[in-house]
Each structure stands twice: as C-alpha cells, then as structure tokens.
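Okay, here's what each chain looks like letter by letter:
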Amino acid sequence: MSEYNSDPDLPPPPPTLKHDFPEDTIRILLATDNHIGYLERDPVRGQDSINTFKEILQLAVKNDVDFILLAGDLFHENRPSRDCLYQVMSLLREYTLGDKPVQVELLSEPDEGKAAGYSFPAINYEDRNLNVAIPVFSIHGNHDDPQGAGPEGALCALDMLSVAGLVNYIGKIDLPLGDAPADGIAVRPVLLRKGNTHLGLYGIGNVKDARMHFELRSNRVKMYVPKDKNDWFNLLLLHQNRVKHGPQESVPEGLFDDCVDLVVWGHEHDCRIMPEPVAGKRYFISQPGSSVATSLAEGEAVDKHVALLKIQGKEFELVPIPLRTVRPFVMDEILLTEVAEEEGFNVTDQMEVTKYLKLRVTELINKANDIWDQRNAQAVQDGEAELARMLPLVRLRVDTTGVSTMSNPVRFGQEFAGKIANPRDVLVFHRAKKSAARRVVADEPELVGLDGDEEGDGLDKLAAGRVRVHSLVQEYLRAQEMQLLGETGMSDAIQVFVEKDDVHAISKHVENTLRALMKGVQASGEVPEENLDDVLEKVREERERQYLEEQKTGKTGGTKRGKARAEADDDDAGSVDSMAMEVDEPGSDFGSYSTRPQPGKKTAGEKVAPSRRKASGSGKRKNAAESDDDGDEDDEEIDDEEVQKPARRTNRAAAPSNQRAGKRAPANKPAQASAKTKQTTLSFAPSATTTGRTTTRAAAGRARGKMANVVSDDLFLACGH
C-alpha cells in the first residue's frame, strides 16, 4: 500500500496499486444494503431497489470483475415476497451465470458450509452442474438474518439463493436459540488465489450489537488465517452498527485483528466508500453505504456509490462508481420564526406560511432536477446512454418552535404529486427541546435519555422520529409494573415481532414464561392464597434473572426443538485462554496457534501432528499447500479411540468449544453415533492454569461429537485481536 503523508495534519492518501498486473489482480465489485423489496407496493418508488440492483450487476459485467461482494441486507424484509425473490433470482441468473471462466481459484474446502445432507458444494462455481461466470459472495444483515429453529436450523432468504446455486452465502455463524455461541465466534475464511495474489475472505453476518461488542471486548472473536499470513490479503465483511446508539450498541472500529487488511462495513447507509485508516491499526475501513434511500435522513442524501476493488499481493486500490438509477435526494431545514422575520411575513397567517413553504419546496425540486441533469450530462460525455428523469425525493424540516398551529403536511404535499416521489412526507414539523424539567406521570414512560448521552437527547430524537422501537418499548413496559411477564424478555419479543415479522414471537414468549412460572410455583409446594402474590413475585424475579443471564452468556436453558441437545457445561468462561484453538480431524486444514495470551494466564503447550489433504474433486481448485513438517515441534501420535465421528453438521460456520486438557470429552448419545458424515469442528485449547470445562457448541440445538487434540501444520493458525 502507499506510504502515509508525513504531515500529521493531513489525512493519509488512499491506498493505490504501484504496479497493475492483470494476471495477478483480483477485481471485486463491492456493494451493501441493497434492501430489495423496500416500498415494493409504492406505485412510484416500488421498483427503485430492484432497478439499482440490476444496475449493480450490469456494472459487474461492464468492469469484468472476478466476483461480487455484498455486505448484508440484500433484502429489506426477513421474508421477502415471491415477486421480490422472483426478480432477484432472475437478475442473478441473467448476469452471473454464463460461459465466462472464473479466474479466481478456490483453495479452501468447497464443501465447508454446504447444505447438510446434500452433495453439492457450498461454493457455486465448484459445482460441475452450474456455469457460473461471476460468483456472488454475501453475508446476511439485520433485515434478512436467519430465523427459526426447524430441523435444518435457522434459515433466511440467502439460504434459498445459496441452494439454488446463485449466491455463495458466507458468515452464517452458529448461534444457539438465545443469541450467540457461549464460547465466542470463530470465523473460517474462503481462500482464493489469482496468479500470485492470495485472498482470505472472511464474513461475519449480523448479530446483536451488544453481543458482538461483548465478544470483541472479551477477545472471543477468532479468525483462522493462513500460516504464511504475510503473503495473504485478508478482507472482512461485517454488518453492524458503526455509529454509537447507546452503551454497547455499536462495534468499535479498532477491535479487529491486525491480520485484517480491509474491513467492508455494512449496515450504515451513508456512503463513506473511500478507505479510512483506523488509529493504531494497520487495516482500513470502507463503508459503501446503501444503494437505495430507506429513510429521508441526512446520511441518505449523500450520493450513492458502489466500488471496484483491485487487490494485488498486499496492495489494494478502491475506485468509487456512482449509481445512476438512484433518485436524487435533497433536504433542507428552516427555523420558521427566523425566516418569517427575514422575509417579512406573519407566522400566524397560515396562507403566508404555506406560500413560503411551497416556494422552498419548489427550489429543492429544481435543485434535485439539476443534480439529475448533471449526472446525465456526465454519463453522455463518458459514452453512456441518457436516462429519463426520475421524480426526486425532497424533505423540508421545519422548526415550529414558538408557532402555535401549522397546516396539515399531508394535504400540503398533495400539490406536489407528480413532481416528487414522496408527496406525503415532504414536510416534517418539529420543535426544539424544552429546557424545563419534564413532569413524569404515573404509568407513563420517561423518554429523556433514550438512545442518547447521559445528559439526555431523547426528546430531540423522538421529535425527529429517531427513537428506536426497542428502547421505547422497554421504557413503556418499565412503567407498567407487570406482575407476570419480565420487561426485558417481553421487549425483545416485541422487537422480533416488529423487525422480523415473526407473528408468533410474542405468543411464544408468553407461553414459555407462563410455563416457567407455573413450574416455579409448583416447586414451592402448596402455597396459601394470601402468599401467592409474594411467591409469584419471587419466581418472576428469578425467571427474569435467568433470562438476563442467558442473554449475557449466550446460553439457553430451554428445550431445543428439532435438534438433539448437547452436554451442558459450567459457567467458568473467564478461565479459558481465548487465543488457543484446535481442530478434531487429522485431515483438517486448520492448525492451532496462540498469538497473544490474556493477562495473567499461560497458554498450554501445543502438539502438532502431520496431516494429509484430500485431493480436490473439482478441476477448478487446487490444494493450498502441501504438508510441510520441518520437525521444529514435537510430533505426537493420536490414538484412534481419541477421534470420534462428529454428528452431522448444518451449513453454518463452525463455532468453538472448550475441552479439558488431557481428558476426553464424554461419549456422544446413541442418536449422534449414527451420523454418517465427518466434517471439521473447532475447539479451544485450554490454558495451563484453567480447570477443564466442557461446553456446548449448538447448531440450533444439534449436539457435537467429542474432538481429538490434533492440529494440522500445513495451512492455518488462529489469531485474535
């Protein structure tokens, strides 16, 4: 990468390629937050998201990219409509399938993450039955994340595209029904090579920001990197909050491992696509932003782009590409009392106020049309076709502090129908926050400080429509003093109901809570009627405490439906060396290496055994490296009885489990012993100072087999931040 500018006051120049050798350069199209299906029933804006997605695919073909990377929220809804799925699948088939040979060679195992019980590989261009011209790799976001706990585990729309051979779904982290693995998150890369350039592609699909914040702070996010990591360019796809919305409601930028070279950050919609350095770290962050405006906020008014990413060796270059099919969006804000004084009209005269507001909106429309005309002129100059003018998005925020009455904004916008794409919400009225203390009424939620700082800017955000539903519901429930249902669990269920369109979320929570309360009361024996309220209160508090503990540790005590339960573990999570990792099969591509022990802890000695890689079954992939034992470490033979067939796994990425040093895990249940397939699973190597512990690695409830203390010495080591 290019050298930094010596002047500390100037930002460093963007990274560039010193020499561009096409045979060694991996060309990638970056995009994120397509939100296909947003306002799909709107007669004017219904096709905006799908039209822009079509343009993105056309840009991939035009720029002759090797593959496309999507960083989450391909769909706006967790359960996209049939029409939405139909159009996406049609476009992917139209633009990504063909006879064009794929120039990037897959070095990692193509079956890693494939659908359980089926023979086709997880990477679509390794399937002999498909002709893939431009592979598409994608992680899930918070809008289209996996839901459910059926026999096949949690599924999402990307799973449908994956088994159809249209998308390579990566970053599907195994989570138990609570929220996250009890022992952190392990990320396996997709390893690619083109000429002399080696690329490690990592993906972490969206999880709750509080959980991701905890895992990073606790040093429990592990990335498997090639052993010769200095020769690899490591790229991380992420979909989390980057802007702080509250305590632990975002992911800090500087907590990722130094082995990462570039982070592609999804979820945030404002376009900050040029690589930004991170203080104290060697990696850069690129935030492509959304390809369609899903809110009329300031961040959405920034011009939308995708990017052409070129990678050669350890160098990279990112070229922004403007999107032409995005509606121009302009916004402005006025203080009505000030402009009335400047323009000389009376704020109490509704006719005069309406006349002035119409004039300002008309100016914004003309400004948006000028932006569109400039885009078209530039495109024609570049040899592209001219596009018909689209109706713009216009938003005028009016501060009505000191004004008693205002006109109806919906009626106001009707006069601009046919001139703008959003006539119903072109105007938004708001008032400045009052400095006086707010009187709190009984059974009414206190909104000051919601999602804000310690001084409290919740009223401002409420007026601007930016208070999060989850926070508002929590405050409201706290004011109700519920006798049976816990506040936290109920608010979480309502959030799933609203955001994930899960119509059964609330009823399931109520059913599970009442069942637990009944068991708690029955355990107390016969209770006099006059003491029933006290017993219920104690049981409810215990249930709420257990729920909060489950959310904190990621463990659930309830029955896992559709899958067998694994052996329970104890809660001594703090005694584990989070940097040490193992694998279970001698034929695995992964090795164990502790890059940095936690303070006050010692790592256990490492035992390395040689491994053999299975020959590739596809003509498009070659082995990443041959076994390379140099004898620097002591080898140890592993007894056959130490290795056990693991249970059949799902198509989700592996999450780690801890084992007691020098002690075998308990035998599997009979149902697990009949599993036919053998795939790699991960585990932590325990520290020398810890007492052993056995943990559950849940794949939506599916139990794991015991694992051998074997590592491979040919390709990978594990690292933490």
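Residues numbered from 1 in each chain as written. Predicted model: local features only at pLDDT ≥ 70, side-chain atom pairs only at ≥ 80, totals over all residues. Heavy atoms only, no water.

Participant: Mind showing me how you'd approach the pairing of strand S14 (residues 272-277) here?
Facilitator: Across a regular strand the side chains alternate sides, sitting on one face of the sheet and then on the other. Here S14 runs beside strand S15 (residues 284-287); their pairing, made up of three bridges, is antiparallel. Of the residues in S15, the one forming a bridge with Arg-272 is Gln-287. Here S14 folds back onto S15 in antiparallel fashion, the turn holding six residues, of which Gly-280 has a positive phi close to 80°. (Pairing = 2+ DSSP bridges. Helix = DSSP H or I, 4+ residues; strand = E, 2+ residues; numbered from the N terminus.)

Participant: It is not clear to me how the confidence of the model for the chain should be interpreted in this structure. Could you clarify?
Facilitator: When pLDDT is low, close inspection of the predicted coordinates is not appropriate. Summarising the model, the chain shows a mean pLDDT of 75, and 67% of its residues fall at 70 or more. Overall, residues 175-181 carries pLDDT values under 50, and its contacts beyond four positions in sequence, including any with other chains, amount to 28 contacts. With pLDDT under 50 throughout, residues 436-466 is counted as low confidence; its partners more than four residues away or in other chains account for 49 contacts. (pLDDT = per-residue confidence, 0-100. Contact = heavy atoms within 4.5 Å.)

Participant: Would you take a moment to explain helix H6 (residues 350-381) for this structure?
Facilitator: With 32 residues, H6 should cover 46 Å at 1.5 Å per step; its first-to-last C-alpha distance of 47 Å lies within 8% of that length. The opening residue of H6, the one whose side-chain oxygen lies 3.1 Å from the backbone nitrogen of Met-351, is Asp-349. One or two steps after H6, the chain reaches Gly-383, where phi turns positive at roughly 90°. (Expected span 1.5 Å × (residues − 1). Polar contact = N/O pair within 3.5 Å; in protein donor to acceptor, adjacent residues only side chain to side chain.)

Participant: Any chance you could explain the packing of helix H1 (residues 48-62) against helix H2 (residues 82-96) here in plain terms?
Facilitator: Axes are the key here: two packed helices are described by the angle between their axes and the distance separating the axes. One can describe the packing of H1 onto H2 by two numbers: an axis separation of 10 Å at closest approach and a directional angle of 15°. By the angle between their axes, H1 is roughly parallel relative to H2. Crossing angle aside, the handedness with which H1 passes H2 is right-handed. Each of Ile-50, Phe-53, Lys-54, Leu-57, Gln-58 and Val-61 in H1 lies in contact with H2, whose residues at this interface are Gln-87, Val-88, Leu-91, Leu-92, Tyr-95 and Thr-96. (Axes fitted to C-alpha atoms, helices over the stretch in contact; angles between N-to-C directions. Parallel < 35°, antiparallel > 145°, perpendicular 65-115°, else oblique. Left-handed = near helix turned anticlockwise from the far one by under 90°.)

Participant: Teacher, can you tell me more about the pattern of salt bridges here?
Facilitator: Opposite charge on two side chains makes pairing possible when the charged atoms of those side chains draw close. Inspection of the entire model under this criterion finds 25 salt bridges. Linking Glu-253 and Arg-242 is a salt bridge whose minimum nitrogen-to-oxygen distance equals 2.7 Å. You can see Glu-253 sitting in the loop between strand S12 (232-239) and strand S13 (262-266) and its partner Arg-242 sitting in the loop between S12 and S13, a full 11 residues away along the chain. Judged by its relative accessible area of 28%, Glu-253 is partly exposed. Take Arg-242: its relative accessible area is 9%, and that puts it in the buried class. Of the charged contacts, one joins Glu-511 and Arg-515 as a salt bridge, the two residues approaching to 2.8 Å between their closest N and O atoms. Taken together, the positions of Glu-511 and Arg-515, both in helix H11 (residues 505-523) and four residues apart, correspond to about one turn of that helix. (Salt bridge = Lys/Arg side-chain N within 4 Å of Asp/Glu carboxyl O. Buried < 20%, exposed > 50% of the residue type's maximum accessible area, 1.4 Å probe, protein only.)

Participant: Would you mind going over the nonpolar core with me for this structure?
Facilitator: Formed by 33 residues in total, the largest nonpolar core has its most connected members in Phe-53, Ile-68, Leu-92 and Leu-161. Of all the secondary-structure elements, those providing two or more residues to this core are strand S1 (26-31), H1, strand S2 (67-70), H2, helix H3 (157-163) and strand S16 (305-312). Among the elements that line this core, the one with the most residues is H1, at six residues. The contacts of Phe-53, once residues within four sequence positions are left out, are Asn-34, Ile-36, Leu-70, Leu-74, Val-88, Leu-91 and Leu-92. (Core = buried A, V, L, I, M, F, W, Y, C linked by side-chain atoms within 4.5 Å.)

Participant: What is the right way to read a nonpolar patch on the surface from this model?
Facilitator: On the surface, Phe-497, Val-498 and Val-503 cluster together to form a nonpolar patch covering roughly 260 Å² of accessible area. Residue position: Phe-497 is located in helix H10 (residues 487-499). (Patch = residues over 30% accessible without salt bridge, like charges linked within 9 Å, V, L, I, M, F, W, Y side chains within 5 Å. Areas by Shrake-Rupley, 256 points an atom, 1.4 Å probe, with all protein chains shown as cover.)

Participant: It is not clear to me how the environment of Glu-475 should be interpreted in this structure. Could you clarify?
Facilitator: The topology assignment puts Glu-475 in helix H9 (residues 469-478). Along the sequence, Glu-475 and Glu-487 sit 12 residues apart, while their C-alpha atoms lie 9.0 Å from each other.

Participant: For this particular structure, what's the right way to read unusual backbone geometry?
Facilitator: Across the chain, the bulk of peptide bonds are trans and the bulk of non-glycine residues have phi less than zero. Positive phi outside glycine occurs at His-35, with the angle close to 50°. With respect to the helices, strands and loops of the structure, His-35 is situated in the loop between S1 and H1. Here His-35 falls in the buried class, since its relative accessible area comes to 1%. Its identity as a non-glycine residue notwithstanding, Asp-64 has a phi of 50°, on the positive side. Judged by relative accessible area, Asp-64 falls into the partly exposed class, the value being 46%.

Participant: Would you explain the packing of aromatic side chains in this entry?
Facilitator: The relation between two aromatic rings is expressed through the spacing of the ring centres and the mutual angle of the planes. In the structure shown here, the tally under the stated rule is eight aromatic pairs. On the numbers, 5.7 Å between centres and 25° between planes, the contact of Tyr-118 with Phe-120 is stacked. When the centroid spacing of 5.8 Å and the interplanar angle of 75° are considered together, the rings of Phe-284 and Phe-316 count as edge-to-face. Here the residue Phe-284 occupies a position in strand S15, and Phe-316 occupies one in strand S17 (residues 315-322), the gap between them amounting to 32 residues. Judged by relative accessible area, Phe-316 falls into the buried class, the value being 0%. Cluster of aromatic residues (ring-pair linked, three or more members): Phe-233, Phe-284 and Phe-316. (Phe/Tyr/Trp six-rings, centres within 6.5 Å; stacked < 30°, edge-to-face > 60°.)

Participant: When you look at the sheet that holds S12 in this model, what are you seeing that I'm missing?
Facilitator: Each strand in a sheet pairs with its neighbour through backbone hydrogen bonds, running either in the same direction (parallel) or in the opposite one (antiparallel). Strand order in the open sheet formed by seven strands is S3-S9-S10-S12-S13-S15-S14, with mixed pairing between adjacent strands. Looking at strand neighbours, the two that pair on one side only are strand S3 (105-106) and S14, the edges of this open sheet. Pairing analysis gives two bridges linking S3 to strand S9 (residues 190-194), with the strands arranged antiparallel. Within the sheet, the bridge partner assigned to Leu-106 lies in S9 and is Leu-192.

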